Structures are given as C-alpha cells and as structure tokens.
Number of protein chains: 4
Amino acid sequence: MIITFKPHTPPSEINKIRTFFIEHHCELKDVSLNDNFVFGVIGDTTNIDPKWIEANTYVSHVTRLNVPYKKVSRQLHPEDTVIEVKGIKIGGNHPLVMIAGPCSIEGRESTLLIAENVQKCGAHILRGGAYKPRTSPYTFQGLGSVGIQHMVEAREKTGMPIISELMSTEKLDEFLENVDIIQIGARNMQNFELLKAVGKVNKPVLLKRGISNTMEEWFMSAEYIMSEGNEQVILCERGIRTFEKYTRNTLDLSTIPLVKQLTHLPIIIDPSHATGNRDLVESMSLAAVAAGADGIMVEVHNDPEKAWSDGAQTLTFDAYKEMVEKCHKIATVIGRE
Amino acid sequence: MIITFKPHTPPSEINKIRTFFIEHHCELKDVSLNDNFVFGVIGDTTNIDPKWIEANTYVSHVTRLNVPYKKVSRQLHPEDTVIEVKGIKIGGNHPLVMIAGPCSIEGRESTLLIAENVQKCGAHILRGGAYKPRTSPYTFQGLGSVGIQHMVEAREKTGMPIISELMSTEKLDEFLENVDIIQIGARNMQNFELLKAVGKVNKPVLLKRGISNTMEEWFMSAEYIMSEGNEQVILCERGIRTFEKYTRNTLDLSTIPLVKQLTHLPIIIDPSHATGNRDLVESMSLAAVAAGADGIMVEVHNDPEKAWSDGAQTLTFDAYKEMVEKCHKIATVIGRE
Amino acid sequence: MIITFKPHTPPSEINKIRTFFIEHHCELKDVSLNDNFVFGVIGDTTNIDPKWIEANTYVSHVTRLNVPYKKVSRQLHPEDTVIEVKGIKIGGNHPLVMIAGPCSIEGRESTLLIAENVQKCGAHILRGGAYKPRTSPYTFQGLGSVGIQHMVEAREKTGMPIISELMSTEKLDEFLENVDIIQIGARNMQNFELLKAVGKVNKPVLLKRGISNTMEEWFMSAEYIMSEGNEQVILCERGIRTFEKYTRNTLDLSTIPLVKQLTHLPIIIDPSHATGNRDLVESMSLAAVAAGADGIMVEVHNDPEKAWSDGAQTLTFDAYKEMVEKCHKIATVIGRE
Amino acid sequence: MIITFKPHTPPSEINKIRTFFIEHHCELKDVSLNDNFVFGVIGDTTNIDPKWIEANTYVSHVTRLNVPYKKVSRQLHPEDTVIEVKGIKIGGNHPLVMIAGPCSIEGRESTLLIAENVQKCGAHILRGGAYKPRTSPYTFQGLGSVGIQHMVEAREKTGMPIISELMSTEKLDEFLENVDIIQIGARNMQNFELLKAVGKVNKPVLLKRGISNTMEEWFMSAEYIMSEGNEQVILCERGIRTFEKYTRNTLDLSTIPLVKQLTHLPIIIDPSHATGNRDLVESMSLAAVAAGADGIMVEVHNDPEKAWSDGAQTLTFDAYKEMVEKCHKIATVIGRE
C-alpha cells in the first residue's frame, strides 16, 4: 500500500496515519518526493480497507500493491481449479461443458421432455429455475420444491446433473439434498449472508456476476464463499447493465481472458440472459467459446413462445443442436478438445 | 397494453397471441394501421409479463398503458403517505426529518456520545450499522446484536427512534423487537425473499435504491413489500453507479420530484454514501431539501478519521450542526416548515 | 508520479523505464517496499501520458501526484474566475445569473416575444439554438445565420447578451461578430479542433459536459481552450447518460461543489436537457442554486407544445417567473445575494 | 407511430395533436381502448421527432412502428453492402479483412518497417494515426500531414491501402487525395458537420461507434453520411463506456449480429482500443470472428513499449502473426472462407 499526501500536510496528521498502521501491525516508510509526502506500508494490509485511510482529508491517493482476493487470485494458486460434478469436469483444459434447460421449470412432462432433448443435442448439465427472482410480485414466482422434484426426476431419467438458483438460506438444505450445482443469481451476488452460507457447504457453486458489479467485486464475492471453506466456485458472466437499448444487457466477453489471467476458477458464459434475444444467442456462444470459456449455459424449451418466462431468449431444440455442433468445432480450432 | 406486429405476420401467429390473452381473461382488439398489425388488449394485464409476448418473433413492440406498481402508484392513492415513528412524521407536508449517526456502531460509549450530540445538532432519528454489508470478507462486518443493543441504550437515553440495516430474514425478530425503522440496503433491493419477509410485519421499512436499479425497479421492490401488507415504506436515494470517478456514486436528485409525482411514499436522501466525500455532503443535502426531499440521512461521528468504516464521507458534530441549520432555512423558503 | 512494478520485474525492464524518464528530463527515485519495486518520478510530467508507462507489462500501477489540468486547477489560481458579459458578472460571489430562451430559434416574432418575456421574468442572458445538433438528418437542423440575426435583433431590443451553440470552425467568424457567449455543446466536448479554435479568440465560451464524460475529461477540454490563450471559460453541467429511463439524462449536481473545489471556473446548470421533462426543471433548478451554482440555463417558450424542438422540457413564461423568484430566495438563504 | 394519451385528456388537446399531424400530411386514426385514448398515425413520419409529440403533457407514450434509419436499414436494402478498396472486399461473404498498424505514425522508418511486417503477418490494410484526438492538450497530437505522407509511402512500397482518422473538415481534401478509407473516430461520431462533409465525397468511411452511443444513434450517424449520397459506410465497434475498471472500455460484440440483422453495412471490430490491454486483444479478436465480424483492426508496433501512444494495447509482430492465423481458422469453421 502506498499513501500519498497533499502538499503542506501537518506532521500531526501524518502521525495519525502512522499510529493507525502501527495499531494494525504494519510499518510506514517515508518515500517522499519533493513537495509530495509519500509513505509506503510494510506488512499485511488484507484487513485494512483503503477507505479508512482516505478518510483523512490530507490523503490524496491510496494505491494497493496486491489484489484483495487472496484465495480467488491465481497469484498463490497458479494451476487451474477443475470442478467435477458426476464425472463432468469444468475448467482447466477439459472439454467445453454445455448447460441447457428451461428458464422456469413448468411441469413434470415438459421438464422430462426438455431434459431428454437437450441431452440428445449435446447438453451435459440440466438447468432450470424452481425459485424465480422476478421484478414484479405479481408474475410467476416458480414452482418451488415441486420444480426441484421435477428436475430430480429428470436427472434420474437422463443421468445429467442439475443446477438451479438458490434465493435464500432457508432453502439451502433442500438444495444440498437435491441439486448438484447451486446457482447464486446476479441479484444476490452481494447477498453476503447467502454467500457465507454456501461457503460452508461441500457443493459446487455457480456465482453469476451482478448486472452492475465490477469484476473485482465479483471476485470478492467468490472470496466470501472460498474464505468460508468451499473452494468449488464457478464464475458465470451473464451481461452487465449499460445504456444500450437493443440488448437487455451487454455481454462482457473480456471477462473470459481476465478471469483466466487473474483467477484460477472456471468461467461459464450465459448469453441468453445477457442478450434477451434468441437471434443473438448462437453468435455470442460461438464468440464465448472462441475467447476460451469453459462452458456455455443457455435456455432451451420445446415451445419457446409458450415458455412461462423469458421465451424471447429461448432456443428450440433444433437451434440448440446446431449451436452445440458449431461450439465444438470452434473449441477444436482453439485447441480445447 | 398495445401490441404491434412486424409486417407480413402470418395469421397463425396472431392466433397464438389471441389464445394467450383469452387464457388470461383478456380480449384483443384489432387496431391495425396500413401494413402494421396492431392489437390493443382489454382487461387486467397486471400479472402478464410483457416479455412473454415479446417472445413471439413476429411481435415488434409491447407498450404498457399502466404502471406495473399499483400500490406504490399515486394513481389510485392520490394523498401522500405519512409514516409516524414515535411521534415523528415523515412525508406529506410535515417538517424535514433529520437522520444521523455513525456508519458502523463501534462501541457503547461512542454510540451514546454520538447520539447525544447529533440530537443536540438537530437530528430526530439515530442511524447506525450493526450488521454491515462489506465487499471484502476480511474487513469489519459489524458488532451485530451487541451493536443493536448499544443503539437501544442510546434510544433510552435520548428518546430518538433508531434505524439500522437488516441483511437477512434470520435477524428479523431481533429487528422487530429492537429497531424502529428497518433499513433494506442498496445491495438487497432485489433480495425478494427479504422484501417479502419485511412486507409481512408491522414496522416502517426504509428501502434504499440499488446502485444500478432504475426507479421503476425500485418502485417494484416497494410493491413487493406493500403487496404483502406492510404499507409503511420510505424510499431512500443514495446514489447510482455511473462512469464518473470523482464521486463514489452519482446522487440522482431527480428522484425527488419523480417519487412525488409517481408515488405517494416519502423520500429520504442519503448524500454520504452517494458522494463518499464529506466536502460534498452539505451542498448535496441543501440541494435535496431545495428539491423537496422529506428527510436527510447522513453519517456523523465524533472522530471521523478514526471511524471504523466510511470515515471519508462522515461529518463532525460542528459540520453537522451548521448543515442542519442551513437545511431548515431552505425548507422554510420552499414553504415546508 | 509513482510507478509500482510487478514482483520479479527484470532489471532490464526497469532500465527501460528509467531511460524513458531521463529522455523526458525527469529523474527516477527508488522507493521499493519489500517484494514490490516502486519508483518515484521527480520532474515535470505534464506531457507524459501515464498510458506510455503502463504499456510496459511489468508496470502494475501509475499514480499521478498532480492533476493534469494546470490552468483549470484551483491549485495555481486560488481566486475565482469571474466572467463579465456586457456588465453581467458570472462566477465568484456575484449574484445568480439566469439564462433563458427557446431551444431552437424559430422566427423573428417568436424570438422577440420570448426575449422580452424572459427578461420580464428575470432572465439576464438570452439563449437560443440557430445551428442544432440533431440525431437524425431528417429533422429540423436550425435556421442557421437567419436565426443568429433574430437573436441579434432581440439583443438590440432588450439589451440582453446572447448565447448560441457553435458546431464547426467554419462559423466561428459569424459567432465572433454576433454572439456574446459561444456555447460548445455536449456532443462536441471532445471535438478538439473546435476547442483549439475557440481557444484562440477573445470571447467567453460556455463548455457543456459531454453526456458520458468524466469531470476530469471535461476539465481537460477546458484546458484545451485555456492553453490556447482564452481564459474565459464557463463550465455547464447538463446531465450524464446512465441506465435510468424515467429521465433523459441524470443531472449530476455533485459537479457544483467539485468544480468549486478543483477549479476556479464558474459553473452553470442546465436542467432542461438533463431531465427532458418540464415538471422536473423547477425542482432541479432550486437544487442547483442550493448547491452553489453560479447560474441556471433553461428553455422557455411562449407555446412549449408548439416548440420546434424539445418542447417536453420547455417552460411557459409563468412557470419560469415563479421559478426565478424561488431561485433568488434560495440564493439569499445560502448567502449569495 | 402510435400515440397513447393519459386518462381524462381534454378533447382540445387531442385536437392540437390532430392538427399537428394534418400539418405534416399525416392522418390520425382513433383506436382507443376503454379509458385510454390511443391514436394511430397513417403517413410518412420520418421527419417527425417523437419528442415533439411527447411535449404535450397529456401524451403518455409514442411508439414508432418503423426504424428512423431508412438508408442504413436492411428493410429496404436486403442484400449486404460490399465495399471494395483497391481490390479488397469488405462485407458480404467475402473473406475476413485484417487491418493493422501503429496507433500513431511516428516516423518514416518505423512506418515502413511496420507496414512490411504486418503485411507479412497477413494484414490487408494499413492503419495509422496522423491526427490524434488526445484528452490532454499537452500530449503528442500526431505528425499531421507528414504522418499521412509516411503512410502514402508505405502504400507505395507494399500495395496495401491505408486508413487514417479525419478530425476536421479542413483536412478533408488532404484525406481525399491521400487516404483510401477515411476513419471517423468515436469522439466525432456525432460531429454532424463532419459527417455531412464525408457524406458528400466518394470514398469509403469507417465510422466508429461513440463510447457512449447506442446502436441506434450510431446507425443514425451512418444515415447522416448516406443521406448526403456516400453509401460506402463501414461500421466499427471499439468498446463502450461502462462502470468496469479492469478494461478501458467494454467491447460490445453483440453489435455484430445486430448490425447484420438490422443493417446491410459491414462491421469491423477494434479490440485494441476497447480493452486497452494487449493480453485481451487476441481472445477478443477470435471472439469477434466467431460472432461473424467482417474484419478486425488492431494496433501492431515493432516495439510496443516504445510506441508513442497506447503501447499497452499494442501487439508485437509475432503475436499478430499468431492471432491472424487463428482468426482465419475460426473464419473457416463458421463457413466464411
């Protein structure tokens, strides 16, 4: 940590800062330049929030020298984390993982039908929403436990592991018992109580980036989970909020090389929620594979126009099949498969 | 709801849409213009998500004719909602309400000291964080129940009602018993399980706008609370995330006239979190009062530079006293007091 | 400037950086901390772009110690700049300046009618668009020189100085001859050729902030004008682009205290373009005055619904009169008048 | 165009709107639904700005039925536009076009060296900045005409056509004489005078999207050029401004399928400026090719760390060669080559 002070800072203020660091078992080294007082901090500053230092009106900048996400960072953990779910390996140099299913679980028949078909098209993992975060209290909120049970049945039929979104700690036991990967949705990326709770269990967690969260905040949320002991974290980019109106969100594919560079965690791309538009799902999926994504999660439905939620972004079986084939061709070209 | 179709839509697709609305007890009226098929929907569309209609690739636009937030909207509830907390009235034409206190509760002594002093300066309600949402798992997470008890003691001494942030449903009973206003923080604005839980209790809720949520989403989150039965909702603007770097967030003061126009709920402004900079707190508070805010919530501490969190945005007692006086003068000028 | 290097940077890379600075007549001072190589730069770095240093992959951070806008900064110019236009003083502790007029100049009669009426309501300066930047090539592009002549005639009648937007260097002579303040619009805030051109003349320039420009970029654009010799720059905030949909742009009033703190230039607020909604213009104007703005620029028209552009945000004479009176009351309360 | 009115709109207001449309040679058709007055407009509304109608306080929504960009839209021009520059075809199903060169032209030797080398690596067109838009007036502004002459010489040596950025109409003649493709930079995307000027010439124009412009605004700026007669427009996405800090801008690859769907123009991706980080350039280029881009424009330099601008995002010859090879493999897989 390097601290620069404004010109003419009184010595008493510099002493306040010095005392603060001594209390935090760090040392200050004077490295001033001409008119500018500059101090370097020697010692462990992980639990020091830079904002505490910036509170002093005489401080002009605080420059961190290390990233604040220790366990997520590739610095101390150079090899890729690979997460295994019922024999499917996610991350590292393992083949592309395809995750597909309906936005909302709507019933027993349709869940089984969709599961069998996406598997035929090449999906490895079944996704489906049983508890749905909805902007309006008046629209369909998901089948809840009944939906989870339909997914469990689909897993029995197909052998595919299942992923679903957990919205509150109260349902954690239900998810531990029934679900293979726990999804934390974009709106809950900074629901720290929920992060701590899934940090204490032994089950892979897919953590979606919040629609307006920086990558650093996303990595810090993964750090919440890992700091509690659960190291099976998969990151998932699903679009960020920008001023653009032709897409629901702007898919940020630069997350792929940056996640690979800065962290050791796998990264999955969800182009369905990002674009909100089925015509864009295939091209954004191919782009994600070309950029090095470890997997692609999309919404597929037997009758998208009758889907109970988000039909506009949902693929038919035929469209999904074609997309999976192209994804694998690109994966081969970039040396993944 | 008005639905416009793309040119050359096949009649079979129009029939699909027609069937959908009949199933939802609505009626379609053909109001086509030249080449453009246009349909009006007659009936209650509250529980119809426009995205379901947009899923049909032949649909080009869906225009809603009514706002989706029935209980929050001023349309059916023309008079201002006034919320009373221990004799203090928030909203309507009632005098400006001043809320102040430390960002984090740090100990018994400092809490009492701050409470007594902000009251002397003109504060009506004491704020303080006992459970703190923090980006990093390694920084101070708040004193928890101990912090709540310090606030309770401060209320006993001063008579000021207290407000604190609730982060999970598990602590709801503690808050019901001890706290006068439950704060839902910006990061939890779309934690729908938490919104439903505070919607079932009889206690005022201060709902902060998420840093990247539209006003419509904010009003929908208030609707979640009100639709469960709790109509004592106070809205609080605390800045939105933009590209600007000189402020932590951009305080959106246009929320004040818009909340007044579109809803019947009170609106409080929090300039401390928005700006992250104590030098801006006074001028933004005065601006908020001039624009018609019902109250101002700021951070005040006996020694801001030693505050355990967010000291950079925290006022001293003297600065707060001066600010309160100016706020009242402006309130008088605009006919509030 | 402080430069931090990544751990294990080879000495040859550090030498490259050292050579670079020596070539720019600066000196490097080694202030390393443990594993982290850190260098301080001594000398004038104004013409060094931090990006040149960041190009070295071994560099982790470049921290500037001084602001890059020398002439705009209050550091070397502590007293307020006051700009005088035909006896009206803008900035410093001078009374609030009210600027009003139609969005577009539409004709001789209406220009005279509006000029006389806004003056009666309390306006000091007449605004009007003769050359209009329009998103679509098919909508009204302004009356051009004819419009400027109508404004000149209105000045002759009323004595009010006039301000209008310059869109290209080709019209600069026309503006020098006819207009009292040259407005540079938000879309041209980084049209550097235009900035240099108005920097070479002796005429006040009102520089609008671009809808997605940081304050630092805005100050750098003012620096372009001032570095060419023209020090009569007035800054104007008119709203920034965010995700919010209920307003056209988000008016960023925190610019007011920050412009006062960081620069010595006057700041004017334009709430009409920011909000795009006449119902918000009055409350945002009052807020701007309370926050310390030096002036308020709004759109006023004798028949807003028939205005040729931006009628939705335009005030009637009566509404403007009421607003001006309230603005002055607030200015008095904050000790301005 | 469909216009919905608020409930209880007085008939006199509806008559105002009716009169307005009659004056614009359109017809209003009453298609009201229960309480909501709704009107459809029949006729050509291209030159009607929806804001004029929204100015009436009784109007609640204006829904456009057609896009405002007639010449850019694929609707009336279903076949792809292919732009030919010295035998190189851009757009349609033609092979991927690779554009490369230094950010700034720095001298004769380095320009020739870079030109020859990028050509060997597979580039088809040479890029280089002679007039540089710079945030600071104190940093290098480009070699100007001398830089253009170095590029001309490089073209003579290599046969590669050249592209450079035009910043003002005053230099248009120089560009017409010397340059093969005129680039309009992001900051000038809404410099309408410049757009009109390049719309009057017979030379391909590459139009970069502004960092905070919507796709619709971008298409409207292309429409400015085309409406003046020049139909040789190439669109170029170079990243948009968001809240993310790990990248300079967020590259919006969803522009690729949307440009293909909504327009008939070619689309080029510039990942260098978007990411500001050479480590991301290759993966974002591959992603862009996979998504269907017609070409890739990147910065390449013989010694990136000594480049006079934007070195951090600049590739070496070796890195560029490898990237070009991978791009072509992906182009083959998606059926482009």
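Since the structure is predicted, the reported quantities are computational estimates derived from the model, not experimental observations. (Residues numbered from 1 in each chain as written. Chains lettered and ligands numbered in written order. Predicted model: local features only at pLDDT ≥ 70, side-chain atom pairs only at ≥ 80, totals over all residues. Heavy atoms only, no water.)

K.L.:
Quick question: what am I supposed to make of the overall build of chain A here?
P.N.:
Regarding its fold elements, chain A presents 11 helices and 14 strands. Counting over 337 residues, chain A shows a buried share of 66%. A total of about 11300 Å² of accessible surface is found on chain A, and carbon and sulfur atoms cover 48% of it. Side-chain charges in chain A split into 36 positive and 43 negative, and the spacing between the mean points of these groups amounts to 1 Å. (Helix = DSSP H or I, 4+ residues; strand = E, 2+ residues; numbered from the N terminus. Buried < 20%, exposed > 50% of the residue type's maximum accessible area, 1.4 Å probe, protein only. Areas by Shrake-Rupley, 256 points an atom, 1.4 Å probe, with all protein chains shown as cover. Lys, Arg positive; Asp, Glu negative; His and termini not counted. Charge placed at Lys NZ, Arg CZ, Asp CG, Glu CD.)

K.L.:
How should I be thinking about helix 11 (residues 317-333) of chain C in this particular structure?
P.N.:
Working note: α-helix, 3.6 residues per turn, so residues spaced by three or four point in the same direction. Helix length check: helix 11 of chain C (17 residues) gives 25 Å between terminal C-alpha atoms against 24 Å at 1.5 Å per residue, within 8%. For helix 11 of chain C, the elements touching its buried residues are helix 10 (278-290) and helix 11 (317-333) of chain B together with strand 7 (97-101), helix 3 (108-121), helix 10 (278-290) and strand 14 (295-299) of chain C. Two residues or fewer after helix 11 of chain C comes glycine 335 of chain C, characterised by a positive phi angle close to 80 degrees. (Expected span 1.5 Å × (residues − 1). Contact = heavy atoms within 4.5 Å.)

K.L.:
What's the story with the interface of chain A and chain C in this structure? I'm lost.
P.N.:
Frequently, the measure chosen for interface size is the accessible area removed from exposure when the parts meet. In this complex, chain A contributes 22 residues to the contact, which on the side of chain C involves 22 residues. Together, the buried faces of chain A and chain C total about 1700 Å²; carbon and sulfur atoms form 69% of this surface. At the junction of chain A with chain C, the criterion picks out 0 salt bridges. Our count for the contact surface shared by chain A and chain C stands at 3 residue pairs in polar contact (both at pLDDT 80 or more). For the side of chain A that touches chain C, the elements supplying multiple residues, two or more each, are strand 1 (2-5), strand 3 (38-42) and strand 4 (59-63) of chain A. The dominant element in the side of chain A that touches chain C, judged by the number of residues it contributes, is strand 3 of chain A, at 4 residues. Classifying every residue of the side of chain A that touches chain C by side-chain character gives 10 nonpolar, 9 polar and 3 charged. (Buried area = accessible area lost by both parts, 1.4 Å probe. Salt bridge = Lys/Arg side-chain N within 4 Å of Asp/Glu carboxyl O. Polar contact = N/O pair within 3.5 Å; in protein donor to acceptor, adjacent residues only side chain to side chain. Nonpolar A, V, L, I, M, F, W, Y, C, P; charged D, E, K, R; others polar.)

K.L.:
Is there a simple way to think about the interface of chain C and chain D in this case?
P.N.:
Across the boundary between the two partners, chain C contributes 53 residues, which contact 53 residues of chain D. Carbon and sulfur atoms supply 49% of the area buried between chain C and chain D, which totals about 4400 Å² over both sides. It is Trp52, Tyr138 and Glu305 of chain C that lose the most area in chain C upon contact with chain D, and together they represent 16% of the buried surface on that side. With a closest N to O distance of 2.5 Å, glutamate 217 of chain C and arginine 241 of chain D form a salt bridge. Remark: the boundary between chain C and chain D carries 20 residue pairs in polar contact (both at pLDDT 80 or more). Looking at the side of chain C that touches chain D, the elements that each hand over two or more residues are helix 1 (11-23), helix 2 (50-54), helix 6 (192-199) and helix 7 (215-227) of chain C. The element that contributes the greatest number of residues to the side of chain C that touches chain D is helix 7 of chain C, accounting for 5 residues. Within the side of chain C that touches chain D, the residues separate by chemical class into 16 nonpolar, 19 polar and 18 charged.

K.L.:
Is there a simple way to explain the sheet that holds strand 14 of chain C in this structure?
P.N.:
The strands making up a sheet are joined through hydrogen bonds of the backbone, oriented either antiparallel or parallel. Residues and elements named next belong to chain C. Pairing in this closed barrel of 8 strands is parallel, and the strands run 7-8-9-10-11-12-13-14 around the ring. Within the sheet, the average angular offset between the axes of one strand and its neighbour, ignoring direction, is 25 degrees. As paired elements, strand 7 and strand 14 share 5 bridges and run parallel to each other. Paired with methionine 98 across the bridge in strand 14 is isoleucine 296. Together, strand 7 and strand 14 form the strand contacts of helix 11, whose direction differs from that of strand 7 by roughly 170 degrees. (Pairing = 2+ DSSP bridges. Axes fitted to C-alpha atoms, helices over the stretch in contact; angles between N-to-C directions.)

K.L.:
Looking at this structure, how should I read the relation of the copies chain A and chain C?
P.N.:
Related by rotation about an axis and a shift along that axis, the two copies of the chain form a pair. The operation relating chain A to chain C is a screw motion whose rotation component is 180 degrees, with 0.0 Å of axial translation and a residual RMSD of 0.1 Å. Each copy turns onto its partner about a two-fold axis. Considering only C-alpha atoms, the residue of chain A closest to the rotation axis is phenylalanine 243 of chain A, which sits at 2.6 Å. A high fraction, 100%, of the interface residues of chain A reappear at the interface in chain C, so the copies pair face to face through one surface. (Least-squares fit on C-alpha atoms with pLDDT ≥ 70 in both.)

K.L.:
Explain the nonpolar core here, please?
P.N.:
Nonpolar side chains in soluble globular proteins tend to end up buried together. With 308 residues, the main nonpolar core has Tyr320 of chain A, Tyr320 of chain B, Tyr320 of chain C together with Tyr320 of chain D as its most contacted residues. When near neighbours in sequence (up to four residues on either side) are disregarded, tyrosine 320 of chain C contacts Met98, Ile99, Ala100, Val118, Cys121, Ala123, Val298, Val300 and Leu315 of chain C. In this structure, Met1, Ile14 and Phe21 of chain A together with Phe140 of chain B belong to the second largest nonpolar core, which totals 17 residues. (Core = buried A, V, L, I, M, F, W, Y, C linked by side-chain atoms within 4.5 Å.)

K.L.:
Is there a simple way to think about the relation of the copies chain C and chain D in this case?
P.N.:
Overlay of chain C on chain D (RMSD 0.0 Å): rotation 180 degrees, translation along the axis 0.0 Å. A share of 100% of interface residues in chain C that are also interface residues in chain D marks the association as one of identical surfaces.

K.L.:
Just to check I follow, could you spell out the confidence of the model for chain A for this structure?
P.N.:
Keep in mind that low pLDDT regions are not for reading the predicted coordinates in detail. Looking at chain A, pLDDT values average 92 and 99% of them are 70 or higher. For this predicted complex, the interface score ipTM comes out at 0.93, while the overall pTM is 0.94. (pLDDT = per-residue confidence, 0-100.)

K.L.:
Even after reading the chapter, I still don't get the pattern of salt bridges, so can you show me in this structure?
P.N.:
A side chain of one charge can pair with a side chain of the opposite charge when the charged atoms of the two come close. A complete count under the given rule lists 81 salt bridges over all chains for this structure. Salt-bridge contacts for arginine 336 of chain A lead to aspartate 294 of chain A; the nearest nitrogen and oxygen are separated by 2.5 Å. Of this pair, arginine 336 of chain A sits in the segment after helix 11 (317-333) while aspartate 294 of chain A sits in the loop between helix 10 (278-290) and strand 14 (295-299), and the two are 42 residues apart along the sequence. Across the pair, aspartate 294 of chain A and arginine 336 of chain A agree in class, each one buried. The salt bridge involving glutamate 13 of chain C is made with lysine 16 of chain C; its shortest N-O contact spans 3.5 Å. With glutamate 13 of chain C and lysine 16 of chain C both in helix 1 and 3 residues apart, the pair spans about one turn of that helix. Assessed through its relative accessible area of 11%, glutamate 13 of chain C is described here as buried. For lysine 16 of chain C, a relative accessible area of 39% puts it in the partly exposed group. Counted as one network, the salt bridges with shared partners bring together Arg209, Glu237 and Asp252 of chain A together with Glu244 of chain D.

K.L.:
Quick question: what am I supposed to make of the sheet that holds strand 2 (residues 27-30) of chain C here?
P.N.:
Residue and element names in this part refer to chain C. In spatial order, the strands read 2-3-1-4; together these 4 strands make up an open sheet with antiparallel pairing. At either end of the open sheet lies a strand with only one pairing partner, and these are strand 2 and strand 4 (59-63). Each strand axis lies, on average, 25 degrees off the axis of its neighbour in the sheet, ignoring direction. The sheet contact formed by strand 1 (residues 2-5) and strand 3 (residues 38-42) spans 3 bridges and is antiparallel. Counterpart to isoleucine 3 in the pairing with strand 3 is phenylalanine 39. Set on the sheet, helix 1 makes contact with strand 1, strand 2, strand 3 and strand 4; between it and strand 1 the angle comes to about 165 degrees.

K.L.:
Is there a simple way to explain the pairing of strand 3 (residues 38-42) of chain B in this structure?
P.N.:
Looking along a regular strand, one sees side chains alternate from face to face of the sheet. Residue and element names in this part refer to chain B. The element strand 3 is extensively covered by neighbouring structure, given that 4 of its 5 residues are classed as buried. In this sheet, strand 3 lies alongside strand 2 (residues 27-30) in antiparallel orientation, the contact comprising 4 bridges. Residue pairing across strands places glutamate 27 opposite isoleucine 42, the latter belonging to strand 3.

K.L.:
Would you mind showing me how to read empty space enclosed by the protein here?
P.N.:
It is the rolling of a water-molecule-sized probe over the atoms that shows where space remains empty. Evaluated as defined, the whole model comprises 4 cavities of 30 Å³ or more. Reported here for the largest cavity is a volume of approximately 170 Å³. Around the largest cavity, the lining is made up of 15 residues, and of these Arg241 of chain A, Arg241 and Thr242 of chain B, Arg241 of chain C together with Arg241 of chain D lie nearest the centre. A breakdown of the residues in the lining of the largest cavity according to their chemical character gives 4 nonpolar, 7 polar and 4 charged. (1 Å grid on protein atoms, 1.4 Å probe; cavity = no way out; pocket = protein on both sides within 12 Å on 5 of 7 lines; lining within 4 Å. Points joined across faces, edges and corners; volume = space filled by probe spheres on them.)

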